[in-house]
Amino acid sequence: MVDDNDDTHVEVGDEPMSVVIDKLHSQSSELAYSEDMAGLFCKYCVVFARTGGMQAKLLGQLVLNCFNSYAKATATFREHVKHKYHCQAVMQADHFISIMEKKKLKIIDQIDSDRVSQVKENRKRLIPIIECVILCGHEELPLRGHRDSGSIIVDDDTSREGNFRSILKYRAKGDEYLKHILEGPGQGNRRYTSPIIQNDIIDACNTILMKRIADNVNNSKCFSILVDETSDISTIEQLSICVRYINNQNILHEDFLQFFVIDSLTGVNLATSILNGLAACGINCNYLYGQGYDGAMNMAGRIKGVQSVIKTKYPKALYVHCAAHSLNLAVSAASDLQPIRNCLGIIEKAHVFFNTPKRNNVLQHEIENGDTLPDAKKLKRLCATRWIQRYDAVNDFIQLLPFVVNALQTIATEWKDSSSIDADMLKKAITESEFLISLYVIKVLFSYGLPLCKKLQKVRIDLKQTIELVEEVIDCLQNLRTNADEEFNHIFKEVKRTADLVGTELKTKRIVGIQKNRANPKVDGLSIENYYRIVIFIPYIENFIQELKNRFMNHRCVFEGK
């Protein structure tokens, strides 16, 4: 403001206008110069003094009209600051500025301080609840239990209330504030422990995680998708979508996004669901450079398959058949050799036969009372989806083979029901020469495929490494084929020792003039070892090698740009 005792005045003279304005502003910070109207205004009165009514008639220079009579500037300013409307405008301006300095808080929060304290209290209550939900999710623990409602008694260790409530009770034993929340009177819905709140917290975590993943993927500007379809226990079809990308530290990441419910399994509908799912997660599909699915026609079809539909919209999205799935198909096709197929079928039947308490007790009794103690304790079921994972079941069956034969013999001779007939038939099938040879051949071939399968499922493997690993396995199998006589001799010796344990004499199938249903080599003086080497070992190796080449070597065209 202008001091009433200040007798200074502004002399215009020949000084430039900018100098005059600076002198005036130094005397009063309330003034502002308008270049459009070439004059001075009181910045507080212009904004806050226009209240209408009788007071509007008093508003003149410095408010409604610009002031440019600089010779009378000092007297005019002194008179202006004495007006009531000017004082009120200054007060309103100060009040407005004080409010704007606190704009981080909402107006309702500034008015209602009790509400602010209540929000802080609620957030403090929610922190242990949220941490408990995150802990269960991080450790893959289910939240729900036998009892998910009602009051929570911290010192009650007799009831089983699920992981979520149990962890809260355990934590509350050393946290009086949390204990008061869980047990205090009148808490009601303010405990925030209901399944609805749990689901809300999980949804909030999902939103945060999806945003982080989407930001990482979009920042990488290059990603691939891995998609597979499955149905849950309620027979609802779902798509599981994963993304692979390289982060800012040049580290390859593979992140699961979500399950998306689908209504149709056609290529067009699946492709639409995939793209909509990526968009819902906030991922920019313009950076899509790769697709990885199984080999089903609705996924890999060149005309109406998912990969074709997506490639039409995003031409850079190169499709590559899932390597682990390709290996599974290769092993499955190679194992279509009749002796191999029959051997695996008998192993599965043996597991089903002993998968009852009464029969399994007989097998366990033989194991416990045997001369040796095997590592395996029971027969395993053959993996229905991943063929190479059947190695474990085959290996355990070989360890338990003498005990299985003894158990079948006991059931066949001592039991007087249908189980005895089944046991006798199964024992004859297991002790056949062809089965024993096939069993050990499968173990050897699967032992080469199992390490490859595990490597193909690692996160940080790429297509180039995949082809190199498959080529190494093919080279090992080629070496096995080249030295078939020596390699099979080792296998045959192990089979001979096992045959002696179970009381089986190894012999060949009968050679006949015409045979269309099995191998029938017509070689004079063929020994038992040579017969099974020609009939089982060599064909199986050659099938294995050829299937690996057919499934994987065509990926080279990706690097050659074909």
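A brief report on the enclosed structure follows. Each chain has its residues counted from 1, running along the sequence as written. Local features in a predicted model are, by the rule used here, given only for residues with pLDDT of at least 70; side-chain atom pairs are given and counted only at 80 or more, and totals for whole chains, interfaces and linings are based on all residues. The basis for every side-chain value is the complete set of heavy atoms in the structure, and neither hydrogens nor water enter the calculation.

### Notes on the overall build of the protein
Helix and strand definitions here come from DSSP, where helices need a minimum of 4 consecutive H or I residues and strands a minimum of 2 consecutive E residues; each element is numbered from the N-terminal end. Per the secondary structure count, the protein includes 23 helices and eight strands. To sort residues, take the accessible area from a 1.4 Å probe on protein chains only and compare it with the maximum for the residue type: under 20% means buried, over 50% means exposed, and anything in between is partly exposed. For the protein, with 562 residues in total, the buried portion stands at 41%. Taking all contacts inside the protein whose residues are at least 6 apart in sequence as the whole, residues at least 24 apart take part in 64%. Accessible surface for the protein amounts to roughly 32300 Å². Of this, 52% is attributable to carbon and sulfur atoms. Contacts between residues were defined by any pair of non-hydrogen atoms, one from each residue, lying within 4.5 Å. Note on areas: these come from Shrake-Rupley sampling with a 1.4 Å probe, and a residue is covered only by the protein chains present in the view.

### What about unusual backbone geometry?
Even without being a glycine, Glu-140 presents a positive backbone phi close to 60°. Here Glu-140 lies in the loop between helix H7 (113-138) and helix H8 (162-172).

### Structural notes on the pattern of salt bridges
We define a salt bridge as a side-chain nitrogen of Lys or Arg found within 4 Å of a carboxyl oxygen belonging to Asp or Glu. With the rule as written, the count across this model stands at 13 salt bridges. Residue Lys-211 pairs with Asp-215 through a salt bridge whose shortest N-O separation is 3.1 Å. Of this pair, Lys-211 and Asp-215 both sit in helix H10 (residues 195-220), separated by four residues, roughly a single helical turn. What makes Asp-215 partly exposed here is its relative accessible area of 32%. When the shortest N-O distance is used, the salt bridge between Arg-381 and Glu-348 registers 2.7 Å. Of this pair, Arg-381 sits in the loop between helix H16 (357-368) and helix H17 (390-414) while Glu-348 sits in helix H15 (residues 338-353), placing them 33 residues apart in sequence. By relative accessible area, which is 48% here, Arg-381 ends up partly exposed.

### Describing the packing of H17 against helix H18 (residues 418-430)
For helices, the axis comes from a line fit to the C-alpha atoms of the stretch in contact; other axes are also lines fit to C-alpha atoms, and the angle between any two N-to-C directions lies between 0 and 180 degrees. Closest axis-to-axis distance for the H17/H18 pair is 8 Å, and the angle between their directions is 140°. The pairing of H17 with H18 is recorded here as oblique in orientation. Considering the relative orientation of H17 and H18, their crossing is left-handed. Contacts between H17 and H18 involve Phe-397, Leu-401, Val-404, Val-405, Leu-408, Gln-409, Ile-411 and Ala-412 on the former and, on the latter, Ser-419, Ser-420, Ala-423, Asp-424, Leu-426, Lys-427 and Ile-430. Only Asp, Glu, Lys and Arg are considered charged, only Ala, Val, Leu, Ile, Met, Phe, Trp, Tyr, Cys and Pro nonpolar, and every remaining residue, Gly among them, polar. Residues belonging to the contact of H17 with H18 are distributed by class as follows: 10 nonpolar, three polar and two charged. In this scheme, roughly parallel covers angles under 35 degrees and roughly antiparallel covers those over 145, while 65 to 115 is roughly perpendicular and the rest are oblique. Crossing chirality is assigned from the near helix's rotation relative to the far helix, an anticlockwise turn below a right angle marking it left-handed and a clockwise turn marking it right-handed.

### A closer look at the sheet that holds strand S4 (residues 223-231)
With mixed pairing, five strands are arranged side by side in an open sheet as S6-S5-S4-S7-S8. In this open sheet, the two strands that pair with only one neighbour each are strand S6 (252-261) and strand S8 (318-321). Across the sheet, the mean angle from the axis of one strand to that of its neighbour is 25°, orientation sign disregarded. Strands are treated as partners if at least two bridges between them are detected by DSSP. Judged from the four bridges that link them, S4 and strand S7 (residues 288-293) form a sheet pairing that is parallel.

### Overview of the nonpolar core
Among the buried residues, those of types Ala, Val, Leu, Ile, Met, Phe, Trp, Tyr and Cys that are joined through side-chain atoms within 4.5 Å form a nonpolar core. By size, the foremost hydrophobic cluster in this structure holds 80 residues, and its most contacted members are Ile-430 and Leu-548. Here Ile-430 is in contact with Ile-346, Phe-397, Leu-401, Val-404, Val-405, Leu-408, Phe-435 and Leu-436, once residues within four sequence places are set aside. Among the nonpolar cores identified, the runner-up in size contains 31 residues, and Met-210, Ile-241, Ala-271 and Ile-283 belong to it.

### What to know about the packing of aromatic side chains
A pair of Phe, Tyr and Trp rings is counted when the ring centres sit within 6.5 Å of each other, with Trp represented by its six-membered ring. The angle between the planes then sorts it: under 30 degrees is stacked, over 60 is edge-to-face, the rest tilted. This structure, assessed with the given rule, holds nine aromatic pairs. A centroid spacing of 6.3 Å and a plane angle of 55° characterise the contact between Phe-48 and Phe-96, whose relative ring orientation is tilted. Of the two residues, Phe-48 is situated in helix H2 (residues 43-48) and Phe-96 in helix H5 (residues 84-100); the sequence distance between them amounts to 48 residues. Exposure remark for Phe-96: the relative accessible area of 44% places this residue in the partly exposed category. An angle of 85° between the planes, with centres 5.2 Å apart, marks the rings of Phe-353 and Phe-354 as edge-to-face. The two residues Phe-353 and Phe-354 agree in class, both being buried. An aromatic cluster of at least three residues, connected via ring pairs, comprises Phe-488, Phe-492 and Phe-537. Across from the ring centre of Tyr-177, 4.4 Å away, lies the NZ or CZ of Lys-124, which sits over that ring. As a reminder, the over-ring test applies to NZ of lysine and CZ of arginine, requiring each to be within 6 Å of the ring centre and within 35 degrees of the ring normal. A cation sits over an aromatic face here: Arg-359 above Phe-353, 4.2 Å from the ring centre.

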